[in-house]
Each structure stands twice: as structure tokens, then as C-alpha cells.
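Architecture at a glance
Listed below are the residues making up each chain.
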Amino acid sequence: QKEVEQDPGPLSVPEGAIVSLNCTYSNSAFQYFMWYRQYSRKGPELLMYTYSSGNKEDGRFTAQVDKSSKYISLFIRDSQPSDSATYLCAMSIPTGNTPLVFGKGTRLSVIA
Amino acid sequence: ETGVTQSPTHLIKTRGQQVTLRCSSQSGHNTVSWYQQALGQGPQFIFQYYREEENGRGNFPPRFSGLQFPNYSSELNVNALELDDSALYLCASSPGTNQETQYFGPGTRLLVL
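Residues numbered from 1 in each chain as written. Chains lettered and ligands numbered in written order. Predicted model: local features only at pLDDT ≥ 70, side-chain atom pairs only at ≥ 80, totals over all residues. Heavy atoms only, no water.

**Regarding the overall build of chain A**
Basically, it comes down to this: Helical segments are the DSSP runs of H or I of at least four residues, strand segments are the runs of E of at least two, and each set is numbered from the N terminus. Radius of gyration here is computed from C-alpha atoms only, and the compact-globule reference equals 2.2 Å multiplied by the residue count raised to the power 0.38. Each residue is assigned to one of three classes by its accessible area relative to the maximum for its type, calculated with a 1.4 Å probe on protein chains only: buried under 20%, partly exposed between the two thresholds, exposed over 50%. Note on contacts: a residue pair is in contact if any heavy atoms of the two residues lie within 4.5 Å. Surface accessibility in these figures is a Shrake-Rupley result with a 1.4 Å probe; residues are shielded only by whichever protein chains are displayed. In this tally Asp and Glu are treated as negative and Lys and Arg as positive; neither His nor the chain ends contributes. We put the charge of a Lys on NZ, of an Arg on CZ, of an Asp on CG and of a Glu on CD.
The helix and strand tally for chain A stands at 0 helices and 11 strands. For chain A, the succession of helices and strands along the chain, N to C, is β-β-β-β-β-β-β-β-β-β-β. Relative to its length of 112 residues, chain A is compact, with a C-alpha radius of gyration of 14 Å against a globular reference of 13 Å. With the C-alpha coordinates of chain A rotated into their principal frame, the extents come out at 40 × 30 × 25 Å. For chain A, the residues scored as buried account for 44% of the 112 residues in total. Looking at chain A alone, contacts between residues at least 24 apart form 54% of all its contacts between residues at least 6 apart. Total accessible area computed for chain A in this model is approximately 5,300 Å², and 48% of it derives from carbon and sulfur atoms. Of the charged side chains in chain A, 11 are positive and 10 negative, and the gap between their average positions amounts to 6 Å.

Here it is as C-alpha cells:
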């Protein structure tokens, strides 16, 4: 079992839809949870990060962490064609030199 | 404030050759991490440099090596290239060793023939 599992998609939705992206993980020591957006042939761009459990909202994006279920989600409201990208979840243990562990990424297409 | 930059953007090499990739960290960031991203996969951690010293390494062989310079820029060197080394190589910088505030560069796409 990989440490971080993420459905690679592809996921195709109409413009304006609510998108739900998810990751599960196996290592209960993870405390930091990040979501990155990666456009084709570009580097990942940090969207949001959350420490431990709970929700965090930033504009149209909401990140949720459920540590009891080892499950994290990213919701995108009112999705736009410009949201079309690959979304990567990543997580880490809160000590200085432990690396980010990424999921495979979910490819999202928002159709106008 | 400039972001993370990497050079070159693309590179083609043949098996057995050596390659050097370069990264300039974001202003004020003293930590650089390198990742390998194969097609259709998430980035895999190679190593991290903090104040010119290696500060953690992933599951990559010794032919992957690096350097960090006093201005916090960094190099990734790969010797004896193999076909499986074909990937996007990403550099990320952060203001300290905390992983939650890493900012990535655009990457160098390496093709090994």
C-alpha cells in the first residue's frame, strides 16, 4: 500500500460545478496537508495547506482533513475552465527534514 | 520578489552521460529541495539542502548528487544517466526546513535516449 493514494482521474465537469478531489493516506504521523495545482508542463503551485484536522477556506477553494479516517479533500466551488489542471495532494510529518509525500495527482478538466 | 527559477528548461542526453541542473531559490529562502516527477506520477523527493549541507535524502542512488551555494542557489548532478531518469526535475525553495511552505520552480524536463 502506498503512503498516499489519489485517484488519477481524469475528471471532467461542466463549468460552474462543485468539484471534490480526495486523497487517503496510511501514515498517522502526517500532520501537514497540502494541495498543489499543476498546469501542463509547469511546476506545482501551492494552493492551500492545513495543519492537523479541520477545514480551511480560501475563496472558491475549501480544504478538509479528517485524521480519524486518514482522508483529505479539496472542494472547488463554481469551477472555471481555468481550473483545468492536475491537482496534487501532499503531506508531511512536522519535523524539519522529512520530505513531502505526494499523491499521483488528479487531472481535472472543466468544460465551458 | 522573484520566484524559483530553473535552467535549462529542456535537455536531451544519452545513456551514460552526466547532467547538471540548476536552481535559483526565491529571495529570502535558505532551503532547497529537489524532486523527480515521472510522467503521470507525483513528485518524488530526491534530497534537501539547508545552508549548504545535505539535510535529508530520499530513495535515490548516489549517482544523484547536489550542491548548494552561499547564495542558496543549488545544483543537481546525475551521473551515468539511465533511460528511467527521463522525468521533470523540480526544485522547491522554502524559508527554513519546514515542508508546508515550499514553492516550486517550473522544472527541467530531461529526456534520456
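Once the structure has been displayed, the description carries forward.
**Let's talk about the state of the cysteines**
Put plainly, two cysteines are in a disulfide when a covalent bond ties their sulfur atoms together. Residues and elements named next belong to chain A. Definition in use: Any two cysteine sulfur atoms within 2.5 Å of one another count as a disulfide.
A complete count under the given rule lists 2 disulfides over all chains for this structure. Note on cysteine connectivity: C23 is disulfide-linked to C89, with sulfurs 2.0 Å apart. Its S-S torsion of approximately -105° makes the covalent link between C23 and C89 left-handed. Of this pair, C23 sits in strand β3 (residues 19-25) while C89 sits in strand β9 (residues 85-92); the two residues are 66 residues apart in sequence, bridging distant segments of the chain. Given the relative accessible area of 1%, C23 is considered buried.

**Describing the sheet that holds strand β7 (residues 64-68) of chain B**
Residue and element names in this part refer to chain B. The line we're drawing: When DSSP finds two or more bridges between two strands, those strands count as paired. Fitted lines through C-alpha atoms serve as axes, helices being fitted only where they are in contact, and the angles separating the N-to-C directions of these axes extend from 0 to 180 degrees.
Overall, antiparallel pairing links the 4 strands, which are arranged β1-β3-β8-β7 in an open sheet. Bordering the open sheet on either side are β1 (5-7) and β7, each of which pairs with just one other strand. Adjacent strand axes in the sheet meet at a mean angle of 20°, parallel and antiparallel pairs treated alike. Bridging between β7 and strand β8 (residues 74-78) involves 5 bridges; their strand directions are antiparallel. Looking at β8, one finds that S65 is bridged to N77.

**With respect to a nonpolar patch on the surface**
Residues and elements named next belong to chain B. Selection rule: Patch criteria: residues need more than 30% relative accessible area and no salt bridge. Like-charged residues are merged within 9 Å; nonpolar side chains of Val, Leu, Ile, Met, Phe, Trp and Tyr are merged within 5 Å. Any carboxyl oxygen of Asp or Glu within 4 Å of a side-chain nitrogen of Lys or Arg constitutes a salt bridge here.
A contiguous nonpolar surface patch, about 300 Å² in accessible area, is contributed by I12, L111 and L113. Along the chain, L113 turns up in the segment after β11 (108-112). For L113, a relative accessible area of 55% gives the class exposed.

**Some thoughts on the pattern of salt bridges**
Across all of its chains, the model carries 7 salt bridges over all chains by this definition. A:R60 is the salt-bridge partner of A:D83, the closest N and O atoms lying 2.9 Å from each other. In this pair, A:D83 sits in the loop between β8 (71-76) and β9 while A:R60 sits in the loop between β6 (54-58) and β7 (61-66), placing the two residues 23 residues apart along the sequence. On the basis of relative accessible area, A:D83 is assigned to the buried category, the value being 1%. Connected via shared salt-bridge partners are B:R63, B:E82 and B:D85.

**A closer look at the interface of chain A and chain B**
Short version of the rule: Nitrogen and oxygen atoms within 3.5 Å of one another constitute a polar contact, given that in protein one can donate a hydrogen and the other can accept it, and given that sequence-neighbouring residues count only through two side-chain atoms.
Taken together, the contact pairs 20 residues of chain A with 23 residues of chain B. Joining chain A to chain B, the criterion identifies 2 residue pairs in polar contact (both at pLDDT 80 or more). When contributions to the side of chain A that touches chain B are tallied by element, the ones reaching two or more residues are β4 (32-38), β5 (45-51) and β9 of chain A. Examining the composition of the side of chain A that touches chain B, we find that 4 residues originate from one element, β4(A), more than from any other.

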